[in-house]
Amino acid sequence: MNLEDELRAALRRDNPSPGFAERVVARAQSSARPARAIPRMMWAAAIAALLVIGFSTAYEYREMKAERASRDAVVALRIAADKLNIARERVLRRETPADTREN
Amino acid sequence: MLTGGIAATIPRVRSGEISGAMTDDPERFEELVREHQAMVFSMACRYLRNRALAEEIAQDVFLQLYRKLPSLESQDHVVHWLRWVTAHRLIDHSRHEKRRPQSPLEDAPEPASADSMSDADPMLSNMLRELVAGLPENARVVMILRYQEDLDPMDIARALDMPISTVKSHLQRSLALLRDKLSRQKGVGL
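Because the structure is predicted, anything quoted here is derived from the model rather than measured. (Residues numbered from 1 in each chain as written. Chains lettered and ligands numbered in written order. Predicted model: local features only at pLDDT ≥ 70, side-chain atom pairs only at ≥ 80, totals over all residues.)

**Q** So, the interface of chain A and chain B: which residues are in play, and what are the values?
**A** Listed by partner, the interface residues are 24 residues for chain A and 35 residues for chain B. Mapped by element, the contributors of at least two residues to the side of chain A that touches chain B are α1 (3-10) and α2 (20-95) of chain A. Taken together, the residues of the side of chain A that touches chain B sort by class into 12 nonpolar, 4 polar and 8 charged. (Contact = placed C-beta atoms within 7 Å. Helix = DSSP H or I, 4+ residues; strand = E, 2+ residues; numbered from the N terminus. Nonpolar A, V, L, I, M, F, W, Y, C, P; charged D, E, K, R; others polar.)

**Q** Break down α1(A) for me, with residues and values.
**A** Among the residues of α1(A), E6(A), L7(A) and A10(A) are the ones counted as buried. Buried residues in α1(A), looked at end-on, bunch into an arc of 100°, giving them a common side. Elements that come into contact with the buried residues of α1(A) comprise α5 (122-133) and α6 (137-147) of chain B. (Buried ≥ 20, exposed ≤ 12 C-beta atoms within 10 Å, placed from the backbone. Arc of directions from axis to C-beta.)

**Q** Provide a residue-level description of the environment of V24(A), including the pertinent values.
**A** One can find V24(A) in helix α2. Other than its neighbours up to four places away in sequence, V24(A) contacts V33(B), Q59(B), F62(B) and L63(B).

**Q** Can you lay out unusual backbone geometry for me, pointing to particular residues and giving the numbers?
**A** Residues and elements named next belong to chain B. A positive phi is found at D150, a non-glycine position, where the angle reads about 60°. Among the secondary structure elements, D150 is positioned in the loop between α6 and α7 (153-160). Judged by the 11 C-beta atoms lying within 10 Å of it, D150 is exposed. Its identity as a non-glycine residue notwithstanding, D161 has a phi of 55°, on the positive side. Note on placement: D161 falls in the loop between α7 and α8 (164-185). The class for D161 is partly exposed, based on 17 C-beta atoms found within 10 Å.

Functional significance is not addressed by these values, which are geometric in nature.
Right under this line is the structure:
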């Protein structure tokens, strides 16, 4: 025989110890499935947490905007009322006759 | 070249479609393990010269296969994937082992296998296995795929994602080295 034939004979396939396949299947069933399920559950929890955070942030932002808008509206109304009062006083002063002022 | 991402670089081969049900059926997975256990275990055993460690690595490879099955498209793809993953697992393992001190027990050679059932000279076979196990990592995997799996250089290049010229040069150099060592150790001229 030449070297290549000797190598084929020396390196030919050999079987593992009996029960190898059963041990692999048992390990696959005991470890692979939960290992697969845990990351899925973690993904679901992470997505749910992100959604809750997103919705609550959006809600708070809207509330804050509404509050600021109502405060701005009250300030604007006060300014408008002040200006109206000043204008009203000026009008009243002009309409009052000079004689009544003299008396 | 050999240490790239595993799943991304494996070419897909289509023939003999795998049923999707196989992934959820332990009996069919067991059939698959039985069908390929000799290939995976022998690759590890010839590479490591340690049956216990070879079984451990073979188990890990099949567990990885179990998780990967849904994305494998055919029997050919499974075989190709198993060779690829086993080869890289073995190379990674020996590189990792080089970095840590080894206990003497881990160096214990595998017990004699079924040599008595063949025409081959058991002593010569044992010597050849030892010499192959002493080759550098990539050359060792190439020799195992060539002479255990009977793959031609083109298939080895595809299986290992390696240029064919590199495969051929590994084969030539390894054969020359084995011839030289054999003739020096035992005066065997092959």
